[in-house]
Amino acid sequence: MASTSASEIVDAVGGPGNIASLTHCATRLRFQLNDGEKVDKTAVEAIPGVLGAVPQAGDRFQVVIGGGVQTVYNDIMALPVMAGGASAGGGADESIADIKARERAKGPRGTNAWLDSLFEFLSDSFRPILGALLGASLFITFMALMATLHVIPAWNAPGVTLDPSWAFVNLMWQCVFVFLPLMVAYNASQKIGADPWVGFSIMAVLMLPSFSGLATGVEKTPLFGFQQAQVAIVQVWGLPMPIADYSSQVFPPLLMAAVLGLVYKGLKKVIPENIQLIFVPFLAMLIMIPLTAFLIGPIGVYVGAGLASALAAINTFSPFIFAIVIPLAYPFMVPLGLHWPINAIMLLNIQTLGYDFIQGPMGAWNFACFGATAGVLVLAWREKDKQMRQTATGALAAGLLGGISEPSLYGIHLRFKRIYPRMLVGCLTGGLIIGIGSLVLGLPHGITTQAFVFTSLLTIPAFNPIGLYLVAVAGAFVVAMVLVIISGYKNPEPAGAAVAAATAGAASVAPGTARDTIPAVAGGAELAGVAGEATAATTATAVAERPDAVGALIQLASPLDGTVVALDQVPDPVFAGGVMGPGVAIEPTGDTVYAPGAGTVVAAQPTGHAFGLQLDNGAEVLIHVGIDTVNLKGEGFDVKVKNGDRVETGTPLVTFDRAVIEKAGYPLITPVIVLNGDTFDTVDPVALGPVTHGSPLLDVQKKA
């Protein structure tokens with residue numbers, strides 16, 4: 001993405017002064033804004049390279065980019081305006097770095113969005129290390145593949161010694177997972193507003209070999225009976241200190257960071273600012289290191305072990321039920337960030353049990369998600385929708401090759417409500433295959449893996465039995481894809497909503513209204529069964545219609561006497577920008593609006609300023625008489641039809657008093673919009689210039 005697009009993103013979110021802070025994860029730019037109402041979501045989604053946009057509580061806003069997010073982030077931060085941009089409450093010379101520092105000091109935001117802040121805390125503690133986790137998972141998959149092909153022995157079996165060359169390869173993934181608590185501690189501390197290196201250092205104490213050495217010769221026992229929480233109790237200062245293996249643990253650093261944030265805030269309140277640099281980190285470490293070693297660390301181990309034991313109990317009771325519940329739960333957990341704690345349990349399972357039983361069923365969800373995206377991609381190619389084709393291609397590549405579902409979720413699935421039910425059927429299909437297969441094959445724990453991996457095409461060899469897993473994820477993928485292709489993915493909404501959205505002129509469609517949420521008349525159903533071909537008459541009807549002919553050309557008649565101008569001449573950004581759909585505008589010379597074709601009135605505003613029509617030829621048309629004329633509240637308008645009325649070409653819809661409208665100061669220019677323009681190949685004006693009502697106005701080419 002070029003720097004020009006980076007500049008467009010900044011402008012669309014309200015300019016540099018509206019950006020309180022900016023970070024990014026594996027696929028998304030994550031804005032903390034001063035005023036979320038200033039965002040133009042439609043403009044953001046129209047920028048080349050943007051896969052989608054997601055407003056959040058607390059003036060947060062996410063822009064889905066995909067795998068190139070780091071480049072886009074760098075382009076934005078390199079913009080000159082970002083070096084000296086001002087926030088809404090700051091001075092003109094306040095830099096983005098200053099704003100970010102101030103915002104970080106606030107910690108989690110928003111008293112009314114505390115739950116969102118919790119999810120953000122969990123997610124942001126993991127997202128920055130997503131690349132390292134993904135890279136490590138591919139190393140693990142490679143080792144698993146080599147073991148499957150008998151190139152090396154079972155690399156993670158007890159007592160197995162690898163050749164130094166292969167042992168070195170094995171260290172390439174261990175470096176990430178062994179020291180994962182340090183990475184999480186750094187990110188979580190930074191998120192909470194504390195010095196991240198202080199958080200790193202506190203957690204590092206618990207991972208020192210000398211710390212573990214304090215328990216030399218002391219037998220480990222289950223903490224409160226949980227087999228996954230093996231600890232050795234030693235006496236330090238006369239107090240019992242539980243010592244556990246903190247490698248790969250994530251709950252201890254998360255809890256530590258949460259408490260550290262409170263300690264940091266408290267110390268900054270009581271310590272003078274000029275000596276905070278020295279004494280705040282020192283006192284924080286003095287308080288937190290013993291507190292973490294004696295209490296927080298063991299509690300984190302206990303919490304993780306408790307959750308792991310609960311899931312293990314469900315899986316032991318019925319692998320069949322477990323295999324169905326996990327794929328159906330994940331589509332609702334991932335958008336909230338609740339899957340990150342489950343990832344921690346997967347790591348704990350591998351550390352304590354030697355295998356994990358969650359990732360197999362989770363793969364059914366992931367591949368159902370990717371299958372739904374593939375279905376959207378097929379439809380986008382079929383409909384020649386360039387923007388959606390680009391979005392779906394990037395999301396599908398991130399999913400199938402990286403196992404990352406966020407581009408699919410935020411870029412596509414959460415924007416179109418028809419997708420989720422079809423995707424859930426795919427999840428259920430994959431779960432049923434795993435559950436039934438586990439019963440038939442006698443697998444007590446279902447599909448398992450001995451490594452933490454991202455469920456993608458590249459990591460399939462890491463699962464056992466590989467055949468059952470392959471059939472399950474393929475079934476989930478295909479079912480979701482086929483259902484989306486059959487049913488479509490766009491939301492069928494009545495044109496009445498579109499007309500109502502237009503009733504207040506430029507202000508009627510709020511900034512951020514996506515084009516895909518505005519369309520569709522009367523359920524969006526095509527009206528079939530109109531046989532024969534209407535002969536283009538020499539009279540004022542002049543409408544060629546043949547809805548049953550693939551690729552046929554239909555013409556819409558002019559609803560007004562006047563002068564046809566391009567849509568971009570309308571003094572309203574919603575219409576001029578094509579947000580509502582393609583079409584033209586008419587500067588009227590007459591005072592009556594007529595039906596542009598035969599069909600049904602689906603939205604006749606009582607104020608008389610706007611009409612939605614479902615025409616027999618398949619076109620869904622909006623006629624908006626003047627701009628901001630809704631403010632007249634019907635004065636000067638004599639409405640001739642009502643919702644549900646049948647009209648023919650030339651049927652009068654409304655008569656208006658030009659003098660009333662002109663006296664009120666409202667433009668008379670009248671947009672004529674094809675709301676479902678995306679379903680046609682082209683929507684073009686027949687000609688610009690003078691026109692009489694009933695004469696050809698728009699050429700609409702049906703898709704072949």
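Refer to the structure printed above.
Residues numbered from 1 in each chain as written. Predicted model: local features only at pLDDT ≥ 70, side-chain atom pairs only at ≥ 80, totals over all residues. Heavy atoms only, no water.

Peer 1: Is there a simple way to explain the pattern of salt bridges in this structure?
Peer 2: A side chain with one charge can pair with a side chain of the opposite charge if their charged atoms come near. Enumeration according to the criterion identifies 6 salt bridges in this entry. A salt bridge links Arg646 to Asp616; the shortest N-O distance between them is 2.4 Å. Of this pair, Arg646 sits in strand β18 (residues 646-647) while Asp616 sits in the loop between β15 (610-615) and β16 (620-624), and the two are 30 residues apart along the sequence. Asp616 gets classed as buried once you look at its relative accessible area, which sits at 14%. For Glu648, the salt bridge goes to Arg646, with nearest N and O atoms at 3.4 Å. When its relative accessible area of 42% is taken as the criterion, Glu648 is described as partly exposed. Of the residues examined, Arg646 reaches a relative accessible area of 47% and is grouped as partly exposed. One network of salt bridges, with partners in common, ties together Asp616, Arg646 and Glu648. (Salt bridge = Lys/Arg side-chain N within 4 Å of Asp/Glu carboxyl O. Helix = DSSP H or I, 4+ residues; strand = E, 2+ residues; numbered from the N terminus. Buried < 20%, exposed > 50% of the residue type's maximum accessible area, 1.4 Å probe, protein only.)

Peer 1: In this structure, what is going on with empty space enclosed by the protein? I would like to understand it.
Peer 2: Take a probe with the size of a water molecule and roll it over the atoms, and the empty space left behind shows itself. One pass over the structure, following the stated rule, counts 3 cavities of 30 Å³ or more. Empty space within the largest cavity amounts to approximately 220 Å³. Around the largest cavity sit 18 residues that line it, and His339, Asn343, Asn366, Gly403 and Phe454 are the ones nearest its centre. Elements supplying a minimum of two residues to the lining of the largest cavity: α15 (339-353) and α16 (359-383). Residue contributions to the lining of the largest cavity peak at 4 residues, all from α15. (1 Å grid on protein atoms, 1.4 Å probe; cavity = no way out; pocket = protein on both sides within 12 Å on 5 of 7 lines; lining within 4 Å. Points joined across faces, edges and corners; volume = space filled by probe spheres on them.)

Peer 1: Teacher, can you tell me more about the environment of Lys702 here?
Peer 2: Along the chain, Lys702 falls in strand β23 (residues 696-702). With relative accessibility at 14%, the residue Lys702 sits in the buried group. For the pair Lys702 and Thr679, spaced 23 residues apart in the sequence, the C-alpha separation amounts to 7.7 Å.

Peer 1: Hey, could you run me through the sheet that holds strand β21 (residues 680-685) in this one?
Peer 2: The pairing of strands in a sheet comes from backbone hydrogen bonds and takes either a parallel or an antiparallel form. The strand order across the open sheet formed by 3 strands is β10-β23-β21, and the pairing between neighbours is antiparallel. The open sheet has two edge strands with one neighbour each: β10 (553-557) and β21. Each strand axis lies, on average, 20 degrees off the axis of its neighbour in the sheet, ignoring direction. (Pairing = 2+ DSSP bridges. Axes fitted to C-alpha atoms, helices over the stretch in contact; angles between N-to-C directions.)

Peer 1: Even after reading the chapter, I still don't get the sheet that holds strand β2 (residues 28-33), so can you show me in this structure?
Peer 2: Across the sheet, 4 strands lie side by side as β1-β2-β4-β3; this open sheet has antiparallel pairing. Of all the strands in the sheet, the pair left with one neighbour each is β1 (19-24) and β3 (52-56). Pairs of neighbouring strands in the sheet enclose a mean axial angle of 20 degrees, with direction left out of account. Summarising the sheet, β1 and β2 pair through 5 bridges and their orientation is antiparallel. Note that in β2 the partner of Ile19 across the bridge is Leu33. Contacting β1 and β2, helix α3 (residues 69-78) runs over the sheet at an angle of about 150 degrees to β1. (Contact = heavy atoms within 4.5 Å.)

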